Amino acid sequence: MEYTQLGRTGLKVSRLVLGTMNFGPQTDEATSHALMDSALDAGLNFFDTANVYGQSAGKGRTEEIIGSWFARGDGRRDRTVLATKMYGNMAADGEAWPNHDKLSALNIRRAVDASLKRLGTDHIDVYQFHHVDRATPFDEIWQAVDVLVQQGKVLYAASSNFPGFKIAQANETAARRGMVGLVSEQCHYNLYERRAEMEVIPAAQEYGLGVIPWSPLAGGLLGGVVRKEVQGGRRAGGRPAGVLADPVERARFQAYEDLLDKHGLEPGEVALAWLLTRPGVTGPIVGPRTPEQLESALRALELDLPDEVLAGLDEIFPGPGPAPEAFAW
């Protein structure tokens, strides 16, 4: 396993991040535990979750599964860099009680204590804001974070789904308060969705944030969806079906898969390996539901993509270009 620093911090994390969103709704507790054991055995030490994960199994269920895994001992918690997120409404279904979501100081305090209880740990290594809160000033947010750091409940603060200007605003406010500020940004970024290259990733690099891409396979589109249709004899469902219904988009993904077939490469592994070549990227989040999917993700770490493949990928899925040149002279 290859490790890197998380942004400008001294924290060492694996180049792949284990995403746990499927734990509970799609993957039962025993299988989830086995996947986490396999990831840790492979050297993958960076685990990502969120307080709202659990969906149909109940909000918070995913954190509970991770907590029961930690409780099995054998150094599991000590070897894991744990990242969780808060922002979404954690009130019971059907309730519309205020102050159970977003980034007020009250909700930050409430959310971190609840996550610690579910996770069965005394601290969170990387505490991420799942979305921007336009109503709460960063001075209030950082005041709340400062208290948590002093209490030892949180080590680092980070963001997710922040635009570039909010990353700047957050860290300038933190600097004025003498605080470390955000250390990473978890953003939507993959071969098909490259808008983060325009301003989010440059802002993260300028302020020393690690970049953690989510949805690295674009909801399955970059995992060989056209080939799977042909081999499986039935059309894709969900978001891939909507995208592939457009003949132009379908031709792009066919060209992508043809390029990789020419070089004997697996689409999903290439999509991950490509992200690992991108400036500023710490490591993409992988969300395996099965051991086989985890093994495939780990193989991406061993890929050294030829220049011909990288050039072909850029031709099929061109980036937006830098700001402001992408939208100005």
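Structure shown above.
Criteria and cut-off values
- Residues numbered from 1 in each chain as written.
- Predicted model: local features only at pLDDT ≥ 70, side-chain atom pairs only at ≥ 80, totals over all residues.
- Heavy atoms only, no water.
- Helix = DSSP H or I, 4+ residues; strand = E, 2+ residues; numbered from the N terminus.
- Rg over C-alpha atoms; globule rule 2.2 N^0.38 Å.
- Buried < 20%, exposed > 50% of the residue type's maximum accessible area, 1.4 Å probe, protein only.
- Contact = heavy atoms within 4.5 Å.
- Areas by Shrake-Rupley, 256 points an atom, 1.4 Å probe, with all protein chains shown as cover.
- Lys, Arg positive; Asp, Glu negative; His and termini not counted.
- Charge placed at Lys NZ, Arg CZ, Asp CG, Glu CD.
- Pairing = 2+ DSSP bridges.
- Right-handed = clockwise from strand over helix to strand, strands pointing away.
- Axes fitted to C-alpha atoms, helices over the stretch in contact; angles between N-to-C directions.
- Parallel < 35°, antiparallel > 145°, perpendicular 65-115°, else oblique.
- Left-handed = near helix turned anticlockwise from the far one by under 90°.
- Nonpolar A, V, L, I, M, F, W, Y, C, P; charged D, E, K, R; others polar.
- Core = buried A, V, L, I, M, F, W, Y, C linked by side-chain atoms within 4.5 Å.
- Phe/Tyr/Trp six-rings, centres within 6.5 Å; stacked < 30°, edge-to-face > 60°.
- Lys NZ or Arg CZ within 6 Å of the ring centre and 35° of its normal.
- Expected span 1.5 Å × (residues − 1).
- Salt bridge = Lys/Arg side-chain N within 4 Å of Asp/Glu carboxyl O.
- Arc of directions from axis to C-beta.
- Polar contact = N/O pair within 3.5 Å; in protein donor to acceptor, adjacent residues only side chain to side chain.

The next subject is the overall build of the protein chain. Assigned secondary structure in the protein chain consists of 13 helices and ten strands. Whereas a compact globule of 329 residues would reach a radius of gyration of roughly 20 Å, the protein chain reaches 20 Å, a difference of no more than 12%. Taking the principal axes of its C-alpha atoms as reference, the protein chain extends roughly 55 × 55 × 40 Å. Put simply, the protein chain has 329 residues, and 50% of those count as buried. Taking the intrachain contacts of the protein chain between residues at least 6 apart in sequence as the baseline, contacts between residues at least 24 apart amount to 77%. In the form shown here, the protein chain has an accessible surface area of approximately 14,900 Å², with 51% of it arising from carbon and sulfur atoms. Positive and negative side-chain charges in the protein chain, numbering 33 and 43 respectively, have mean positions lying 4 Å apart.

On the basis of which strands lie adjacent, the open sheet formed by eight strands has the order β9-β8-β7-β6-β5-β4-β3-β10 and parallel pairing. Two strands close off the open sheet at either side, each with one partner strand: β9 (210-214) and β10 (285-286).

This part is about the pairing of β9. Where burial is concerned, most of β9 is hidden: four out of the five residues are buried. Here strand β8 (residues 182-188) pairs with β9 via five bridges, running parallel. The residue of β9 that forms the bridge with H188 is W214. Of the crossover connections in this fold, the one passing from β8 over helix α7 (residues 200-206) to the parallel β9 is right-handed.

At a closest axis distance of 9 Å, the pairing of helix α5 (residues 138-151) and helix α6 (residues 164-176) adopts a crossing angle of 60°. The orientation of α5 with respect to α6, classified from their angle, is oblique. When you trace α5 past α6, the crossing you get is right-handed. Contacts between α5 and α6 involve F138, D139 and W142 from the former and K166, Q169, A170, N171, T173 and A174 from the latter. Its residues assigned to classes, the contact of α5 with α6 comprises four nonpolar, three polar and two charged.

So, on to the nonpolar core. By size, the foremost hydrophobic cluster in this structure holds 79 residues, and its most contacted members are I108, F129, W142, Y256 and L313. Core analysis: the next-biggest nonpolar cluster, separate from the first, contains twelve residues, V81, V183, I212 and I285 among them.

Turning to unusual backbone geometry, a few remarks are in order. Of note, the bond from A323 into P324 is cis; its omega dihedral lies within 30 degrees of zero at 5°. Looking at the secondary structure, you find P324 in the segment after α13 (307-316). Even without glycine at this site, K102 takes up a positive phi of about 65°. Along the polypeptide, K102 turns up in the loop between β5 (81-86) and α4 (105-119).

Right, let's get into the packing of aromatic side chains. For the structure shown, the criterion picks out nine aromatic pairs. Centroid distance Y192 to F317: 6.2 Å. Interplanar angle 85°. Geometry classified as edge-to-face. You can see Y192 sitting in the loop between β8 and α7 and its partner F317 sitting in the segment after α13, a full 125 residues away along the chain. Taken together, the ring pairs in this structure connect Y192, F253, Y256 and F317 into an aromatic cluster. Above the face of the F70 ring, R77 is positioned so that its terminal group lies 5.3 Å from the ring centre.

What follows covers α5. Its 14 residues give α5 an end-to-end C-alpha distance of 20 Å, which sits within 8% of 20 Å, the value for a rise of 1.5 Å per residue. In the core, the buried residues of α5 are packed alongside α4, β6 (124-129), β7 (154-160), α6 and β8.

Here the focus is the pattern of salt bridges. Scanning the entire structure with this criterion turns up 20 salt bridges. We note a salt bridge from R72 to D37, for which the minimum N-O separation is 3.6 Å. Taken together, the residues R72 in the loop between α2 (61-70) and α3 (76-79) and D37 in helix α1 (residues 29-41) connect sequence positions 35 residues apart. Of the residues examined, D37 reaches a relative accessible area of 18% and is grouped as buried. Note that R227 is salt-bridged to D261, the shortest N-O span being 3.5 Å. With a gap of 34 residues between them, R227 in helix α8 (residues 225-232) and D261 in helix α10 (residues 247-262) connect regions that are remote in the sequence.

Now for α10. Taking 1.5 Å of rise per residue, 16 residues should cover 22 Å, and α10 covers 22 Å from first to last C-alpha, within 8% of that figure. Every buried residue belonging to α10 is among E249, F253, Y256, E257, L259 and L260, and all of these are buried. Buried residues along α10 cover an arc of 155° about the axis, so they all sit on one side. The exposed residues of α10 that point more than 90 degrees off its buried face are P247, V248 and K262. In this structure, the buried side of α10 is in contact with α8, α9 (238-244), α11 (267-276) and α13. The opening residue of α10 is D246, an N-cap whose side-chain oxygen sits 2.9 Å from the backbone nitrogen of V248. Directly beyond the C-terminal end of α10, a positive phi value near 65° is found at G264.

Nothing here speaks to function; it is geometry throughout.
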